[in-house]
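The lines below spell out each chain.
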Number of protein chains: 2
Amino acid sequence: MPDLPSPVAPHPFDDALALDRRADGVFLGQTSEAWWNFIGPFGGLVAALLLRAVLDDPRRRGTPVALTANFTGAIARGAFELEPVLVRGGRTTQHWTVGLRQGDAVLATATVVCAQRGHTWGLQPATMPEVPPAADVEPFDLGGGVRWTGNYRFRFVAGAPAFSLTPHDPPRNARSLVWLEDMQPRPLDWLSLAALSDAFFPRVMHARGIPVRLGTVTMTTYFHADDDALAALGTCPVLGVADGDRFGSSFQDQRIQLWAPDGQLLVTGGQLLWYEA
Amino acid sequence: MPDLPSPVAPHPFDDALALDRRADGVFLGQTSEAWWNFIGPFGGLVAALLLRAVLDDPRRRGTPVALTANFTGAIARGAFELEPVLVRGGRTTQHWTVGLRQGDAVLATATVVCAQRGHTWGLQPATMPEVPPAADVEPFDLGGGVRWTGNYRFRFVAGAPAFSLTPHDPPRNARSLVWLEDMQPRPLDWLSLAALSDAFFPRVMHARGIPVRLGTVTMTTYFHADDDALAALGTCPVLGVADGDRFGSSFQDQRIQLWAPDGQLLVTGGQLLWYEA
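Residues numbered from 1 in each chain as written. Chains lettered and ligands numbered in written order. Predicted model: local features only at pLDDT ≥ 70, side-chain atom pairs only at ≥ 80, totals over all residues. Heavy atoms only, no water.

Some details on the overall build of chain A
Inference 1: Along chain A, the regular secondary structure elements total 5 helices and 13 strands.
Inference 2: For 277 residues, the compact-globule estimate of 2.2 N^0.38 gives 19 Å, and the C-alpha radius of gyration of chain A, at 19 Å, lies within 12% of that figure.
Inference 3: Taken along its principal axes, the extent of the C-alpha atoms in chain A is 55 × 55 × 45 Å.
Inference 4: Residue pairs in contact within chain A that sit at least 24 positions apart in sequence constitute 70% of those at least 6 positions apart. (Helix = DSSP H or I, 4+ residues; strand = E, 2+ residues; numbered from the N terminus. Rg over C-alpha atoms; globule rule 2.2 N^0.38 Å. Contact = heavy atoms within 4.5 Å.)

What about helix 2 (residues 43-55) of chain B?
All names here are of chain B.
Inference 1: With 13 residues, helix 2 extends 18 Å from end C-alpha to end C-alpha; this agrees with the ideal 18 Å at 1.5 Å per step.
Inference 2: With respect to burial, helix 2 is a largely interior element, 12 of its 13 residues being buried.
Inference 3: All of the buried residues in helix 2 are Gly43, Gly44, Leu45, Val46, Ala47, Ala48, Leu49, Leu50, Leu51, Ala53, Val54 and Leu55. (Expected span 1.5 Å × (residues − 1). Buried < 20%, exposed > 50% of the residue type's maximum accessible area, 1.4 Å probe, protein only.)

Some words on the relation of the copies chain A and chain B
Inference 1: Between chain A and chain B, which share one sequence, the superposing operator has a rotation angle of 180 degrees and an axial displacement of 0.0 Å; the RMSD is 0.0 Å. Classification of the inter-copy transformation places it as that of a two-fold axis.
Inference 2: Counting the interface residues of chain A, we find that 100% of their copies in chain B are interface residues as well, pointing to one common contact surface. (Least-squares fit on C-alpha atoms with pLDDT ≥ 70 in both.)

Regarding the interface of chain A and chain B
Inference 1: Contacts between chain A and chain B engage 61 residues on the former and 61 residues on the latter.
Inference 2: At the boundary of chain A with chain B, total buried surface from both sides reaches about 5,000 Å², with 60% on carbon and sulfur atoms.
Inference 3: Of all residues in chain A, Trp121, Asp245 and Arg246 of chain A give up the largest surface area on contact with chain B, accounting jointly for 16% of the area buried on that side.
Inference 4: Applying the counting criterion to the chain A and chain B interface returns 0 salt bridges.
Inference 5: One can count 31 residue pairs in polar contact (both at pLDDT 80 or more) joining chain A with chain B.
Inference 6: Looking at the side of chain A that touches chain B, its residues break down into 27 nonpolar, 25 polar and 9 charged. (Buried area = accessible area lost by both parts, 1.4 Å probe. Salt bridge = Lys/Arg side-chain N within 4 Å of Asp/Glu carboxyl O. Polar contact = N/O pair within 3.5 Å; in protein donor to acceptor, adjacent residues only side chain to side chain. Nonpolar A, V, L, I, M, F, W, Y, C, P; charged D, E, K, R; others polar.)

Section: the pairing of strand 3 (residues 63-71) of chain B
Residue and element names in this part refer to chain B.
Inference 1: Across the 9 residues of strand 3, 9 count as buried, placing the element largely inside the fold.
Inference 2: As paired elements, strand 3 and strand 6 (residues 105-115) share 8 bridges and run antiparallel to each other. Pairing of Ala69 across the sheet is with Ala110, part of strand 6.
Inference 3: With 5 bridges connecting them, strand 3 and strand 9 (residues 214-223) associate as antiparallel partners. Residue pairing across strands places Ala66 opposite Tyr222, the latter belonging to strand 9. (Pairing = 2+ DSSP bridges.)

Remarks on the pairing of strand 6 (residues 105-115) of chain A
All names here are of chain A.
Inference 1: For strand 6, the tally of buried residues reaches 9 of 11 residues, placing the bulk of the element in the interior.
Inference 2: Examined bridge by bridge, strand 5 (residues 93-102) and strand 6 share 10 bridges and lie antiparallel to one another. Each bridged residue has a counterpart across the sheet, and for Thr93 the counterpart in strand 6 is Ala115.
Inference 3: Here strand 5 hands over to strand 6 after 2 residues, with Gly103 in that stretch at a positive phi of 60 degrees.

With respect to the packing of aromatic side chains
Inference 1: Going through the model one piece at a time under the given rule, you end up with 26 aromatic pairs over all chains.
Inference 2: Considering the side-chain rings of Phe154 of chain B and Phe201 of chain B, the 5.6 Å spacing of their centres and the 40 degrees angle between planes classify their relative orientation as tilted. Here Phe201 of chain B lies in the loop between helix 3 (190-196) and helix 4 (203-208) and Phe154 of chain B lies in strand 7 (residues 152-158), a separation of 47 residues in the sequence.
Inference 3: Accessibility expressed as a relative area gives 2% for Phe154 of chain B, which makes it buried.
Inference 4: With a relative accessible area of 12%, Phe201 of chain B lands in the buried category.
Inference 5: Each residue in the set Phe13, Trp35, Phe42, Phe140, Trp148, Tyr152, Phe154, Phe156 and Phe201 of chain A is aromatic and connected to the rest through ring pairs, giving one cluster.
Inference 6: The side chain of Arg77 of chain A reaches across the aromatic face of Trp36 of chain A, ending 4.1 Å from its centre. (Phe/Tyr/Trp six-rings, centres within 6.5 Å; stacked < 30°, edge-to-face > 60°. Lys NZ or Arg CZ within 6 Å of the ring centre and 35° of its normal.)

Structure, rendered in structure tokens:
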């Protein structure tokens, strides 16, 4: 009798995003060790979880165009609940809010806009930075300080991390150019783009060169592609561009772009991080 | 008997932001003709109203660092309610949500982060564009198409609107540099910075040169100054920089900066707009 095919283990990202929908519409999930950051899950994964609760709600129409995730407190290891609320649904646009709870504590919130995109005049004023193809750039060894980074391959074209106990003097350029891809290949989708838009190291650390206690307070991602464009890309690296404009008095901004290898701008976004010292 | 001093009329911005707080913590307001846009109030005013409800809540601590306003439906002329909800308050950071309602319809929502900022290392990697001082730039005549623009003086250094019935061919650069100030002088504060971060014309109209039916879906503002810095500025123009990265399939992004005349970056932000045709 032939061996049965061995069951295929789910991709680590899909594993971490597994949700069960209760009869009342609340989704139940579990934190995932493979995506742990310093004191909680990787923020990009949390953003993807918040988005997934909306995308999996049977009332959802269209595809996501905007996501703002707010990180309100540290998420502990274990179970959590996600409750999507349809605030208002127009003819072509839906506005959602969603909260992540552990017990009575709301530890993350998001607003999500979904839309049925039309065929309109278009223009992409931004141009992709000239960089070598991902395959020509050496993967960067992040040294395994935190678990979540092991899920991605980082190939820095410029602005690789150079962290030590001695601050850069003068501070360095805070801009990074980095090819990002899933360590275990997986076709791009809304969820992975949401997560990848947080797969950068804080600009204040790039500029200053020393470890800093910090955390993302809020992040916003605008999705510029549609389902067909994403499906056509399939599994490929994305070029991440990250920079910041002002750091001071405990807060720093960061703005990012994610580019497909063909020069299509998939995502623009930003975030605000709290930092200490 | 001497004449009594005549009562001073409130500034049009303060007049439009007047709110009454009910015993249950809900704020009541009224739309304002002087701030009308095409089918509802100027979005920047709505953002300021949502922010004000949080700032005026007695539980608020610290100053605003981030605001995301979502425009979920057209606000009709008349009364509205604003309900701030303190989602979670940490030692130094508070997360709020707030909704604007008319009857049962939620027509705008916001998430607001307030924080007690500390004294930290700082850096401003962004540099202010080199422009002539505001006083050396002619005010632009917007022609009075909509009411809200009459509350501001626009002095375009680059990228002034040039709208007609014939599209630009090829499309123009979508970037604008514009000195913005209250037509009736008023010291800068959080509320005016929130409103000013929406005081731009949509990038797709700048690029294409023709009127387009459109509306902001969501906007995010990060505040980089603190109370002392704002108080020191007082009444002054701000330099607005606006550009966009990708326009297509019914949506366009826009990113903005607001600069103080002394080269201090006060605000960075972005928004996503729906457009037709």
